[in-house]
Amino acid sequence: MKIRIIMICLLGLVLLNACLEDHTNLDYNDVMLPDTVRVIDKVSGKVTTLSHSEMFQGSFSLLAGTEVELEAEVVYSGGAELDYEWQFDGNIIGNEKKLHHVFTKEGRLILLVYRGDKTKVTDYHMLINLIQPFGSGVYVLAKQGGKTVVDFMRYYTEKESVTFLGQPMEMNIPYYEEQENVFSLYNDGEELQGSEPVKLVWGQGKDKTQVMQVLDRDWRHSMAFYGKTIEKVVGMDDEFVGEPVNLFVKGMVNVGMSTLLYGEQGDAYVRTNYDNGTPNTGRFSSQRLRFDDPNDVPDQGWMDVEANLVVADKQVSNNWAIIHEKSKERFLFFSVSSTFMPDDTGGVDYSVVLQFPEIKLKDNEVALHKFDKDVIAVLPPLGYPQRTHIIYKDGANYRLQAHTISASIYSVPHTVRYTIDGNTLLGADVAALLDKEGTIVMKSQNDSRQDIFYVISENTIYQLDANGGNKSVLYSFESGRKITNFFRLTPWASQSAAPATQYFSGWLFAVAFDNGEFKIGRLYKDPLKPNEMQCTYLLEKKYDGGVADIKFIYSNVIM
C-alpha cells in the first residue's frame, strides 16, 4: 500500500513539472475565472452570490421608478485588470462596479466581468422583479409646469422600537413615499396630454380589473390606465362613436356595466362596458342621454337630459345613480342591470332613466321628482344604513334630507321607490359655513358605522353627526390658505384605541390647499396635551398649478 502511495506522489510531481515546463502559447490566466462574485443592493443590504451560468443565479425585488444602487464585489486571483458592464434586456446600462439605475419594468440583468483586453469575459445572470407599489397609497391629480400629472404616494409601515410615556414598545409606524409622474414613468415617457385636469374616476370590472380614468376638461385629452400597472388603456378621443358637440368634461361615474360622462352644459353620454364590465372596453355614443317624461303636458317626447350633477351609489354592487336636473328642478334615477355570459367574457347591459315616484310628504320635506330648492351637496350611501343625503338651501335656511332608495333592477322594466327618513334644519353656525364660497361637504362613517359629515371651510375641518348637529372642530390648519380637497385615509385609529395607537398611528389624512400645497399628515392625541389635537406631516409637496383631485387606495380597494 505504501508503495502505491509513493508511486502516485511521484507521478504527480512529474505532471506538475511538465506543466511548469510547458512552452506552448496557452496562457492559463485565460481560464482563471473570478473566484467569487457578489452583487449587493446598497439600499436594502441584500447580498446575492453568483456563479458563471446562463441560468438565473439570483433576483432582486426593487421598487419601480426608484433609483437603485447595485455594486459588484469580485474576488479574483488572476493578474489581469477587471472591467465591468451591466446589461438589461440587451441594452448597456452601466460600465462601473457600481450600477445606478431606475428600473421601470422586469427583465434579465446581466453582469459581464472582463479580464485584460476584454476578449475574456464571464457573464452572471440575475432577474429583476418589480414591487408594484400601487396597492395602498394616494393618487394625486395635479397641474405642474403647465401639464397634467398623476403622482402616487405609496403607503407602508415599519415596525419600530419606540418609547411612550416612559415605556418601551414596538409599533407599526406609517410612512408615505412619493413617486412622481407615474403615468409617464410606466408608459415609456409618454405624457398626459391635458392641461386642465378635472378629476380621477376609479372603475372596476367583474373580474377585478381596475382602471383609473384621468379626466381633462377637454375630453380628447382624457386618458385611462390600469390601476395595478399604470399602463395606458385608451384615450377618450378613441372612445366615442361620432364626436360630441361642445363637450367640456365636468364629471364621470361608473354605474354597473355602464359609465355616465357629463359636461359643463348638462350634456350626458353613456358607455356600455364589455369584458365583464371592465371600464374603457366599450364606446360612448355621441347621442346624448335622453328621457321621455311620462307626465309632461303637452307630451314633449324624448328630451336630452340636462345633468347638473350625477352621483352614483358607492356600494360594491352599484347599479344606480341619481341625476340632478337643475333646470327642470328634479332628480332622475339612472339604473343598470347586467347579464353576464356563461363563459364570463362579457354581458348584455340594460339601462334606463326613470322618474322618481310621487310620495306623501311631511312638513319641510321635498319630493325628488319636484325638487325646487337650491342643491348644495348630494352624498350617496357609504354603508348601512344605505341613506342618500341631500343638503339644500331653502330661503335663508339650510336643511339636510335623508333618503333610502330602493330599486328593482333584476327584471324589466326597472322600477324605483324611496322613503324620506328625516329632514333637519341645520344650525346657524353650520349655515354660516355653508354661506362661504368654496365650502366643501363630505360624508364619512365613524367607528360605529354611523354616517357623519365633514364641513370644510377655509382652513378648518368641522365634523357633524348623522343629523347635521353637534358641530366640532376636527382640525384647523395654518392660516392664510384655503382647503380645496381633503381625504380621510386608512388606517384611522378608533376613538377607543389604546393611547399609544392614537399617538403613533393616529388619524391619517391627505389635504390640498388653494396655494398648490399638498400634504399627507397624521392627527394624533398626546396624553400630555389632552385638550388639543396634534398634527405632524409625513409628506409635503407643492404644485404650481394646484391639485385637482385626490384618490386613496388601500389593500387594492379604492376608498
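Everything below is about the structure shown above.
Read on for an overview of the structure.

### A look at the overall build of the protein chain
Then comes step 1: From N to C terminus, the protein chain includes four helices and 41 strands.
Then comes step 2: Within the protein chain, the proportion of its 559 residues that are buried is 47%.
Then comes step 3: Of the roughly 27,700 Å² of accessible surface on the protein chain, 49% is carried by carbon and sulfur atoms.

### Regarding the nonpolar core
Then comes step 1: Of all hydrophobic cores here, the largest spans 23 residues; its most connected members are V39, W86, F103, L109, L111, M126 and I128.
Then comes step 2: Residue assignment for this core shows that the elements contributing at least two residues are strand 1 (36–41), strand 3 (53–63), strand 4 (67–75), strand 5 (82–88), strand 8 (107–115) and strand 9 (120–131).
Then comes step 3: In terms of nonpolar packing, the next biggest core, distinct from the first, is built from 20 residues, L354, F356, L368 and I390 among them.

### Quick look at the packing of aromatic side chains
Any aromatic ring pair is given by two values, namely how distant the centres are and how the planes are angled relative to each other.
Then comes step 1: The tally for this structure, following the rule as stated, stands at 25 aromatic pairs.
Then comes step 2: For the ring pair Y155 and Y176, a centre distance of 5.3 Å and an interplane angle of 50° mean the geometry is tilted. Of this pair, Y155 sits in strand 11 (residues 147–164) while Y176 sits in strand 12 (residues 167–179); the two residues are 21 residues apart in sequence, bridging distant segments of the chain. Each of the two residues, Y155 as well as Y176, counts as buried.
Then comes step 3: Following the ring pairs from residue to residue traces out a cluster consisting of Y454, Y475, F477, F486, F509 and F513.
Then comes step 4: Lying across the ring of F513, R481 places its NZ or CZ 5.6 Å from the centre.
Then comes step 5: Just above the ring of Y524 sits the side chain of R522; from NZ or CZ to the centre is 4.5 Å.

### Digging into the sheet that holds strand 32 (residues 440–445)
Then comes step 1: Read from one edge to the other, the open sheet built from four strands follows the order 32-33-34-35, with strand pairing classed as antiparallel. If you trace the sheet from one side to the other, it starts and ends with strand 32 and strand 35 (472–476), each paired once. Across the sheet, the mean angle from the axis of one strand to that of its neighbour is 25°, orientation sign disregarded.
Then comes step 2: Bridge analysis of strand 33 (residues 451–457) against strand 34 (residues 460–464) gives five bridges, and the strand direction is antiparallel. In the sheet register, F453 faces strand 34, and the bridge partner there is L464.

### Concerning the sheet that holds strand 13 (residues 197–204)
Then comes step 1: Strand order in the open sheet made by the four strands is 13-14-15-16, with antiparallel pairing throughout. Two strands bound the open sheet, and with one partner strand each, they are strand 13 and strand 16 (232–235). Each strand axis lies, on average, 20° off the axis of its neighbour in the sheet, ignoring direction.
Then comes step 2: Judged from the four bridges that link them, strand 14 (residues 210–216) and strand 15 (residues 223–226) form a sheet pairing that is antiparallel.

### Some remarks on the pattern of salt bridges
Then comes step 1: Summed over all chains, the structure comprises 25 salt bridges.
Then comes step 2: A salt bridge links E478 to K519; its shortest N-O distance comes to 3.9 Å. A residue pair is termed long-range when its members are at least 10 positions apart, and E478 in the loop between strand 35 and strand 36 (483–492) and K519 in strand 38 (residues 517–526) qualify at 41 residues.
Then comes step 3: A residue is classified by how much of its surface remains accessible, and K519, at 6% relative accessible area, is buried.
Then comes step 4: Among the charged side chains, a salt-bridge network with shared partners connects E478, R481, E517, K519 and E540.

### Comments concerning the environment of L260
Then comes step 1: Note on placement: L260 falls in strand 19 (residues 258–263).
Then comes step 2: Given the relative accessible area of 1%, L260 is considered buried.
Then comes step 3: Distance from L260 to V311, taken between C-alpha atoms, is 9.9 Å for residues 51 residues apart in sequence.
Then comes step 4: Dropping the residues within four chain positions of it, L260 is found in contact with G251, M252, V253, Y269, V270, L289, V310, I323 and F334.

### Quick look at unusual backbone geometry
Then comes step 1: At N246, a residue that is not glycine, the phi angle is positive and equals roughly 55°.
Then comes step 2: Among the secondary structure elements, N246 is positioned in the loop between strand 17 (240–241) and strand 18 (249–255).
Then comes step 3: Backbone geometry at E458 places phi at a positive 55°, although glycine is not the residue there.

### Remarks on the side chain of E239
Then comes step 1: Take E239: it is sitting in the loop between strand 16 and strand 17.
Then comes step 2: Of note is the side chain of E239, whose polar atom sits 2.7 Å from the side chain of R271.
Then comes step 3: Non-local contacts of E239, meaning those with residues more than four positions away in its chain, are made with Q213, V234, R271, N280, R283 and F284.

Conventions we followed
- Residues numbered from 1 in each chain as written.
- Predicted model: local features only at pLDDT ≥ 70, side-chain atom pairs only at ≥ 80, totals over all residues.
- Heavy atoms only, no water.
- Helix = DSSP H or I, 4+ residues; strand = E, 2+ residues; numbered from the N terminus.
- Buried < 20%, exposed > 50% of the residue type's maximum accessible area, 1.4 Å probe, protein only.
- Areas by Shrake-Rupley, 256 points an atom, 1.4 Å probe, with all protein chains shown as cover.
- Core = buried A, V, L, I, M, F, W, Y, C linked by side-chain atoms within 4.5 Å.
- Phe/Tyr/Trp six-rings, centres within 6.5 Å; stacked < 30°, edge-to-face > 60°.
- Lys NZ or Arg CZ within 6 Å of the ring centre and 35° of its normal.
- Pairing = 2+ DSSP bridges.
- Axes fitted to C-alpha atoms, helices over the stretch in contact; angles between N-to-C directions.
- Salt bridge = Lys/Arg side-chain N within 4 Å of Asp/Glu carboxyl O.
- Contact = heavy atoms within 4.5 Å.
- Polar contact = N/O pair within 3.5 Å; in protein donor to acceptor, adjacent residues only side chain to side chain.

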